[in-house]
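# Remarks on the overall topology
As a plain string of letters, each chain reads:
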Amino acid sequence: MSLAAPVDMARERAAASFDITKLCHLWAKGEDKYNRLQAAYEYIKNDPDLVVQPPRNILEFDRDEMREFTMGQIHRMATLHLAGDGSRDQFYEISNAVMIYSESFGLRIGVHDSLFRNVIQMLGNKEQQEEWVPLIDEFQVIGCFSMTELGHSSALRDIETTATFDVERDEFILDSPTVTSTKWWIGMAGHAATHTVVIAQTIVNGENVGLNWFIVQLRDRNTGELMPDIQAGDIGSKVGHQGVDNGWIQFRQTRVPRTRMLSKWVSIDREGNYEPAPNPAVMYATLIPERISLVLIALILTSQALTIATRYGVVRRQGNKNQQIMDYQSHYVKLLPAISFMYMVQNAFDTTGSQFEVLTAGGEMDPIVYLNHMGDMHCMSASLKGLAGTYCTEILEICRRCCGGHAYSSYNGLGSLIGDWGVITTGGGDNVVLLQQATSYLLYRMKQVVKYDSFPELKYNHSSSNYLKDAKELLKAQTWSLTDVDNCDLSIIQNALYTITLQSLQDALDAGSKHDDLLLESVKVAELHCAAFLFSDNARKFSNKAESNLDPSVFAVMNKMTRLWGLHALRTFGDQGFMEGFLTAAHMKNIEKVYLKICKEMRYEVVGLTDGFGLPDFILKAPIAKYDGDIYQPYFDTLLQAPASTGVPPYHAKYIKPLTGRNT
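These remarks concern the structure in this document. (Residues numbered from 1 in each chain as written. Predicted model: local features only at pLDDT ≥ 70, side-chain atom pairs only at ≥ 80, totals over all residues. Heavy atoms only, no water.)

## Section: the overall build of the protein
Scanning the protein from terminus to terminus reveals 21 helices and 13 strands. In summary, the protein has a C-alpha radius of gyration of 27 Å against a globular reference of 26 Å for 664 residues, a match within 12%. Projected onto its principal axes, the C-alpha positions of the protein cover 85 × 85 × 55 Å. Per-residue burial for the protein yields a buried fraction of 56% across its 664 residues. Counted over contacts in the protein with a minimum sequence separation of 6, partners at least 24 positions apart contribute 76%. Within the protein, one finds 61 positive and 77 negative side-chain charges whose respective centroids are separated by 6 Å. (Helix = DSSP H or I, 4+ residues; strand = E, 2+ residues; numbered from the N terminus. Rg over C-alpha atoms; globule rule 2.2 N^0.38 Å. Buried < 20%, exposed > 50% of the residue type's maximum accessible area, 1.4 Å probe, protein only. Contact = heavy atoms within 4.5 Å. Lys, Arg positive; Asp, Glu negative; His and termini not counted. Charge placed at Lys NZ, Arg CZ, Asp CG, Glu CD.)

## Some words on the layout of surface pockets
In this model, the second largest pocket occupies a volume close to 860 Å³. Every residue lining the second largest pocket is counted, 25 residues in all, and those nearest its centre are Arg157, Tyr284, Arg291, His378 and Gln437. In terms of residue count, the dominant contributor to the lining of the second largest pocket is helix H12 (residues 431–452) (six residues). (1 Å grid on protein atoms, 1.4 Å probe; cavity = no way out; pocket = protein on both sides within 12 Å on 5 of 7 lines; lining within 4 Å. Points joined across faces, edges and corners; volume = space filled by probe spheres on them.)

## A closer look at unusual backbone geometry
With an omega dihedral of 5°, the bond running from proline 54 to proline 55 counts as a cis peptide bond. Tracing the chain through its elements places proline 55 in the loop between helix H3 (31–45) and helix H4 (63–83). In this structure, lysine 29 takes a positive phi of about 70° despite not being glycine. Looking at the element boundaries, lysine 29 is found in the loop between helix H2 (20–27) and H3. Residue lysine 29 is classed as partly exposed on the basis of its relative accessible area of 28%. Notably, asparagine 322 is not glycine yet its phi reads approximately 50°, a positive angle. By relative accessible area, asparagine 322 is classed as partly exposed at 38%.

## Quick look at the side chain of serine 104
With respect to the helices and strands, serine 104 occurs in helix H6 (residues 103–123). Look past the residues within four positions of serine 104 in its chain and what remains in contact with it is Met66, Thr70, His241, Gln242, Gly243 and Val244.

## Focus: the packing of helix H10 (residues 367–402) against H12
Between H10 and H12, whose axes approach to 8 Å, the crossing angle comes to 140°. Judged on the interaxial angle alone, H12 and H10 are oblique. The element H10 and its partner H12 pack so that their crossing is left-handed. Contacts between H10 and H12 involve Gly375, Asp376, His378, Cys379, Ala382, Ser383, Lys385, Gly386, Leu387, Gly389 and Thr390 from the first element and Asn431, Leu434, Leu435, Gln437, Ala438, Tyr441 and Leu442 from the second. Taken together, the residues of the contact of H10 with H12 break down into eight nonpolar, eight polar and two charged. (Axes fitted to C-alpha atoms, helices over the stretch in contact; angles between N-to-C directions. Parallel < 35°, antiparallel > 145°, perpendicular 65-115°, else oblique. Left-handed = near helix turned anticlockwise from the far one by under 90°. Nonpolar A, V, L, I, M, F, W, Y, C, P; charged D, E, K, R; others polar.)

## Some remarks on the pairing of strand S2 (residues 162–166)
As paired strands, S2 and strand S3 (residues 171–175) are joined by five bridges and run antiparallel to one another. What sits directly across from aspartate 166, in S3, is glutamate 171. Linking S2 back to S3 in an antiparallel pair, the connection comprises four residues, with aspartate 170 at a positive phi of about 55°. Pairing of S2 with strand S5 (residues 195–204) involves three bridges; the strand directions are parallel. Residue pairing for S5: threonine 164 is matched across the bridge by isoleucine 203. (Pairing = 2+ DSSP bridges.)

## Considering the pairing of strand S6 (residues 207–217)
Across ten bridges, S5 lies against S6 in antiparallel orientation. In the strand pairing of S6, isoleucine 199 is matched with tryptophan 213. Where S5 folds back on S6, the antiparallel hairpin that results is connected by two residues, among which asparagine 205 adopts a positive phi of roughly 55°.

## Points about helix H11 (residues 414–421)
Taken together, the buried positions of H11 are Leu414, Leu417, Gly419, Asp420 and Trp421. On the buried face of H11, the contacting elements are H6, helix H8 (287–315) and H10.

## Some details on the sheet that holds strand S7 (residues 230–234)
Spatial ordering of the open sheet is given by S4-S8-S7, a layout of three strands whose pairing is antiparallel. The open sheet terminates on both sides in strands that have one partner only, identified here as strand S4 (183–186) and S7. Direction aside, the axes of adjacent strands within the sheet are offset by 20° on average.

## Let's talk about the pattern of salt bridges
Using the criterion set out here, one finds 31 salt bridges in the structure. Aspartate 350 is the partner of lysine 29 in a salt bridge, and the nearest nitrogen-oxygen pair spans 3.4 Å. Within this pair, whereas lysine 29 is found in the loop between H2 and H3, its partner aspartate 350 is found in helix H9 (residues 329–360), the two being separated by 321 residues in sequence. With a relative accessible area of 45%, aspartate 350 lands in the partly exposed category. The residue aspartate 245 makes a salt bridge to arginine 108 at a minimum N-O spacing of 3.0 Å. (Salt bridge = Lys/Arg side-chain N within 4 Å of Asp/Glu carboxyl O.)

## Regarding the side chain of aspartate 420
Structurally, aspartate 420 can be placed in helix H11. Within polar-contact distance, the side chain of aspartate 420 engages the backbone nitrogen of histidine 241 at 2.6 Å. Excluding anything up to four places from it in sequence, aspartate 420 contacts Glu103, Gly240, His241 and Leu301. (Polar contact = N/O pair within 3.5 Å; in protein donor to acceptor, adjacent residues only side chain to side chain.)

## Quick look at the nonpolar core
Membership of the largest hydrophobic core comes to 219 residues, with the highest contact counts inside it found for Trp213, Phe341, Tyr343, Leu534, Met561 and Leu609. The leading source of residues in this core is H8, at 17 residues. Excluding residues within four positions of it along the chain, tryptophan 213 makes contact with Val119, Leu123, Phe145, Ser146, Met147, Val197, Val198, Ile199, Arg260, Met261, Leu262 and Met283. (Core = buried A, V, L, I, M, F, W, Y, C linked by side-chain atoms within 4.5 Å.)

## Quick look at the packing of aromatic side chains
Any pair of aromatic rings gets described here by the distance separating the centres and the angle formed by the planes. Inspection of every chain in the model, using the stated rule, returns 15 aromatic pairs. Centre to centre, the rings of phenylalanine 341 and tryptophan 565 are 5.1 Å apart; their planes meet at 35°, and the pair counts as tilted. With phenylalanine 341 in helix H9 and tryptophan 565 in helix H16 (residues 552–580), the pair connects residues that are 224 residues apart, well separated along the chain. Across this residue pair, the class does not change: phenylalanine 341 and tryptophan 565 are buried. Among the aromatic residues, those joined into a cluster by ring pairs are Trp27, Tyr343 and Phe613. In this structure, arginine 13 packs its charged tip against the face of tyrosine 627, placed 3.6 Å from the ring centre. A cation over a ring is seen here: arginine 603 above tyrosine 604, with NZ or CZ 4.0 Å from the ring centre. (Phe/Tyr/Trp six-rings, centres within 6.5 Å; stacked < 30°, edge-to-face > 60°. Lys NZ or Arg CZ within 6 Å of the ring centre and 35° of its normal.)

## Let's talk about the environment of alanine 539
Mapped onto the elements of the fold, alanine 539 is located in helix H15 (residues 519–541). The class of alanine 539 is buried, set by a relative accessible area of 6%. Placed 195 residues apart in sequence, alanine 539 and methionine 344 show a C-alpha to C-alpha distance of 9.6 Å. Here alanine 539 is in contact with Leu490 and Thr562, once residues within four sequence places are set aside.

## Regarding the packing of helix H5 (residues 88–101) against H6
With their axes 5 Å apart at the nearest point, H5 and H6 run at an angle of 125° to one another. With respect to each other, H5 and H6 are oriented oblique. Residues Ser95, Val98, Met99 and Tyr101 of H5 lie in contact with H6, whose contacting residues are Glu103, Phe105 and Gly106. Its residues assigned to classes, the contact of H5 with H6 comprises four nonpolar, two polar and one charged.

As structure tokens, this is what we get:
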């Protein structure tokens, strides 16, 4: 078996019907970006400050080792940045490569460079941006993002931290009045952050004027000691992300100048005259990019797991005929739709990214444009994070089972990926709550269309909710007229997904049900909405070969991946269509038949498709997923390098010898 494994891997790779390198270019968003990222991988591979070198193994690190090593990665990257060696694009790709290697690095640097910086960039006035952004970019301050509280998580309306304006001293006084107001799960707050942005209930002249953000210093920039009116610490050990110093913060009558209130949308003068934001929703602007970034993290973790499971599946042989386990239908039918989901989301990032640029205008947001688009963007980002959270949780468990007992070994990476994954379903907003919020928006827009023929004019194309404009026409179809989904036009699948979604929304409107009565149903509706958006966005890109500049072989496999995703969505959410009467039992049987047929046809594409993610072996950290298929000896060698893997254990004399050596 061990000798056959490399042969099996080479044969699988050669069986791909497409140019794997060209697929890598598509995944990486272009040949230049792919080449830069591969060069970045080569750059970091042998750097001991960025990648743990043998015989040490990062999968054996304890909490303290991971905290220190991750901060060392940040220090190394900051040093490279400040040295100014290479281009900005090159530095970005090196940082990206380290993030893919170490999820803890990605989260920790993301707190500083994205969350902390984004709040100031999006909510601070010009003077505040000019003062703070250079300090952030030069790492003269290290920032964190203080939103969630011990008793309230992301329920912002219930935030207890207060910021009271003292007109005599022209300062705000921040306070944590209860234990439940303690800022909690704050990345970088445990050890490293010198400053934070804090969201707090703002009290002016004895009146609560709503939520605002404030810049507060936590630690002395030279000594690392906490400021006198700050109490903070590390939350301690977690299930995953041990390299992230999540912490807690309590403010004890902490005074900050009035100018530390972020004032792009609000203002308060020396006399305490307060001008609120045009809409309180602008205070939540940073949550949308946070959710999109969490979906990116979902792809990083899950694509690695799928690569490990796929490569192991084509070299492991088992059964009466000693066949590759990937040949079992129960194996490839689980993995292929998951792989298609990776590509659907990755391809859709171009669309969501361009939409977010319209929303934020590079920090120069127009309040009217922002408010007109925020609901639609929130619906998209909330449903995308919700669906990714639900399905990727399932995918990770599929990958674990596909690797059998070897997945239980820490040295094969899956346990670490699953541990790091857990927070994604809650961080940035609980998936279930986000899906419910997305459905609430869809219900509102549906009502506006059906009753008033009203739909907002958006400055970007391809909104996830565009199909609502066609609600009346789509709802005319009581039953799907198609009898065989095999090789049908992708637009027919798209309209079916839209119609099922609309029928579910229409039923809710007709029933006049209370919000609490629709909570479970609304989760499925929002997931279906997102699944339909992903299908629609990819179908638009991979339907007309004549309009595409892609390599023909890559275009063909992406067209097939898109079709598979559409069938997966119909198969997964078909019960909704069946209950609505749109789908019949015959439809469901036909969908299942064609779904299994396409999976079988794509069985020998699996290695090429996961190679398309462009992940080197040292990134995967899994001997059972070696690129060349030679998995067994490297796996054994990894164990032999582990501390105390052979020899007499240190507790032998204390516990074993007294039992076994009594009569010798």
